[in-house]
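# Topology and contacts: notes
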Amino acid sequence: MVEEGWPHGGVGANLAALVQEQAFDWLDAPVTLVTGADLPMPYSKPLEQIAFPHEPQVIEAVRSLF
């Protein structure tokens, strides 16, 4: 799951927990989260861009499942 929100308490984290709980027997791999950095959102535009997940992080998460 990829989302710009925080890794704990975000929509993606809750959805991942629900899928893991309800569909555990049908999953071939654990649910993986790629989220924004676990820190207060910075006001500076360059720092804000660093806090969001980017393509290399998503690719690494997918490769780690294989």
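So, here's what we can say about the structure. (Residues numbered from 1 in each chain as written. Predicted model: local features only at pLDDT ≥ 70, side-chain atom pairs only at ≥ 80, totals over all residues. Heavy atoms only, no water.)

## Some points on the pattern of salt bridges
One pass over the structure, following the stated rule, counts one salt bridge. One salt bridge in this structure joins Lys 45 and Glu 48, with 3.7 Å as the shortest N-O distance. Separated by three residues within a single helix, Lys 45 and Glu 48 lie in helix α2 (residues 45-51), roughly one turn from each other. Classification of Lys 45 as exposed rests on a relative accessible area of 53%. (Salt bridge = Lys/Arg side-chain N within 4 Å of Asp/Glu carboxyl O. Helix = DSSP H or I, 4+ residues; strand = E, 2+ residues; numbered from the N terminus. Buried < 20%, exposed > 50% of the residue type's maximum accessible area, 1.4 Å probe, protein only.)

## Concerning the side chain of Thr 35
Relative to the helices and strands, Thr 35 is located in the loop between α1 (11-22) and α2. Here Thr 35 falls in the buried class, since its relative accessible area comes to 15%. When residues no more than four places from it in sequence are discounted, the contact partners of Thr 35 are Glu 3, Gly 5, Trp 6, Pro 7 and Pro 53. (Contact = heavy atoms within 4.5 Å.)

## Concerning a nonpolar patch on the surface
Together, Met 1, Leu 15, Leu 18 and Leu 33 give the surface a local cluster of nonpolar side chains, amounting to about 320 Å² of exposed area. Here Leu 18 lies in helix α1. Exposure remark for Leu 18: the relative accessible area of 45% places this residue in the partly exposed category. (Patch = residues over 30% accessible without salt bridge, like charges linked within 9 Å, V, L, I, M, F, W, Y side chains within 5 Å. Areas by Shrake-Rupley, 256 points an atom, 1.4 Å probe, with all protein chains shown as cover.)

## Details of the environment of Ile 59
Checked against the element boundaries, Ile 59 lands in helix α3 (residues 55-64). Classification of Ile 59 by relative accessible area gives partly exposed; the value is 35%. Between the alpha carbons of Ile 59 and Val 34 there is a distance of 9.9 Å; along the sequence they are 25 residues apart.

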